[in-house]
Amino acid sequence: MNSEFGIQNSERNGLSQFHENGFEILPNVFPPEKCAALAEKLTSFHQRRKETAGNKLGGLRNLLRISPPVVELANSPTFKTILESRLNKKVFPVRAVFFDKTADANWRVAWHQDLTIAVGEKIETAEFESWSIKEEIVHVQPALKILEGMATIRLHLDDCDADNGALKIIPRSHLEGKLDAARIREWTAKENAFVCEVPKGGALLMRPLLLHSSSSSQNPSHRRVLHIEYATDELPNGLQWFDR
């Protein structure tokens, strides 16, 4: 049985080295009052979308196309500098998603890596595979080099702990490249998971190849997260990032 560390932050556990462990927790990235204002805007937008869709949507996608406040934040010097100081390359945002776990939209996510990107159109390209269409947008698993040049900022708009679906990660798993189902089972069976508790206004930085999961929330209050993915490389063979 896989055990979990107690609720602690990455600094106290020596897990703050982004390159070695594939993640880092920064407790003070965005002022709480600005978090509240952004959360209110995105929650209102989300509610309108849910009413239009007639279902219990757990999030908003394609925010770099439909939300000016998110576009401004994703392109802000603060956010870009955080990642550029760790990746040693210029970054640009390529996708933004808003998640909100509540009593009526409360899901669990199995252990996985983030292997898929959104592109403008399908162009058969070496090492790009598993093409699909999601919400009328073309998605693909890109070459490993592209994923290794990416990183994500998960800005927490509410306090997030183990009771309301905090992300769990397996440190250093990003160093193994793309993992198939058997290798994921091996990793999660032998390695301890780390629960990424993040305060309101804090951020979790992570590599897309890092194994991660989340449990259903045991707390009926909001758990709102703005998830922004950044890349360092343009795509080959005429392919274009969907939200570039």
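Use the structure listed above.
Residues numbered from 1 in each chain as written. Predicted model: local features only at pLDDT ≥ 70, side-chain atom pairs only at ≥ 80, totals over all residues. Heavy atoms only, no water.

Participant: Describe the sheet that holds strand β9 (residues 167-169), and please don't skip the residues or the numbers.
Facilitator: Strand order in the open sheet formed by four strands is β4-β12-β9-β10, and the pairing between neighbours is antiparallel. Edge positions in the open sheet fall to β4 (109-112) and β10 (194-195), since each of these has one partner strand only. Of the strand pairs in this sheet, β9 and strand β12 (residues 212-214) are connected by three bridges, and their pairing is antiparallel. Along β12, the bridge assignment pairs Ile-169 with His-212. (Pairing = 2+ DSSP bridges. Helix = DSSP H or I, 4+ residues; strand = E, 2+ residues; numbered from the N terminus.)

Participant: Go over helix α5 (residues 77-87), please, and point to the residues and values.
Facilitator: Within the span of α5, buried status applies to Phe-79, Ile-82, Leu-83, Glu-84, Arg-86 and Leu-87. On the buried face of α5, the contacting elements are α1 (18-21), β1 (23-26), α4 (68-74), β8 (151-156), β11 (203-206) and β13 (223-231). (Buried < 20%, exposed > 50% of the residue type's maximum accessible area, 1.4 Å probe, protein only. Contact = heavy atoms within 4.5 Å.)

Participant: With reference to specific residues and values, describe the packing of aromatic side chains.
Facilitator: For the structure on display, the rule yields two aromatic pairs. Between the aromatic rings of Phe-23 and Phe-194, the centroid separation amounts to 5.3 Å while the plane-to-plane angle is 45°, which identifies the pairing as tilted. A residue pair is termed long-range when its members are at least 10 positions apart, and Phe-23 in strand β1 and Phe-194 in strand β10 qualify at 171 residues. On the accessibility criterion, Phe-194 (0% relative accessible area) is buried. (Phe/Tyr/Trp six-rings, centres within 6.5 Å; stacked < 30°, edge-to-face > 60°.)

Participant: Tell me about the pattern of salt bridges, residues and numbers included.
Facilitator: For the structure on display, the rule yields ten salt bridges. Between Arg-65 and Asp-243 there is a salt bridge, with its nearest N and O atoms 2.9 Å apart. Taken together, the positions of Arg-65 in helix α3 (residues 63-66) and Asp-243 in the segment after β13 put the pair 178 residues apart, joining distant regions of the chain. Across the pair Glu-234 and Arg-244 runs a salt bridge, and its minimum N-O distance is 2.8 Å. Placement of the pair is Glu-234 in the segment after β13 and Arg-244 in the segment after β13, with a sequence separation of ten residues. Taking the relative accessible area as the measure of exposure, Glu-234 reaches 44% and is therefore partly exposed. Linked through salt bridges whose partners overlap, the residues forming this network are Lys-89, Lys-145 and Asp-233. (Salt bridge = Lys/Arg side-chain N within 4 Å of Asp/Glu carboxyl O.)

Participant: Describe the sheet that holds strand β7 (residues 137-141), with residues and values.
Facilitator: With respect to topology, three strands assemble into an open sheet ordered β5-β7-β6, the strand pairing being antiparallel. With partners counted over all chains shown, the strands left at the sheet margins are β5 (117-119) and β6 (129-134), one partner each. Geometrically, the sheet is characterised by an average inter-axis angle of 35° between neighbouring strands, direction not taken into account. (Axes fitted to C-alpha atoms, helices over the stretch in contact; angles between N-to-C directions.)

Participant: Break down the pairing of β11 for me, with residues and values.
Facilitator: Burial along β11 is two-sided: the face carrying Ala-203 and Leu-205 and the face carrying Leu-204 and Met-206 are both buried. Summarising the sheet, β1 and β11 pair through four bridges and their orientation is antiparallel. Bridging across to β11, Ile-25 finds its partner in Leu-204. Inspection of the sheet shows β8 paired to β11 by four bridges, in the antiparallel sense. Looking at the pairing, Leu-155 lines up with Ala-203 of β11.

Participant: Residue-level account of helix α7 (residues 181-190), with values.
Facilitator: The set of residues buried in α7 consists of Ile-184, Trp-187 and Thr-188. Looking down the long axis of α7, one finds its buried residues gathered within 90° of arc, a one-sided arrangement. The exposed set on the far side of α7, more than 90 degrees from its buried face, consists of Arg-185, Ala-189 and Lys-190. Buried positions along α7 lie against β4. (Arc of directions from axis to C-beta.)

Keep in mind these values describe shape, not function.
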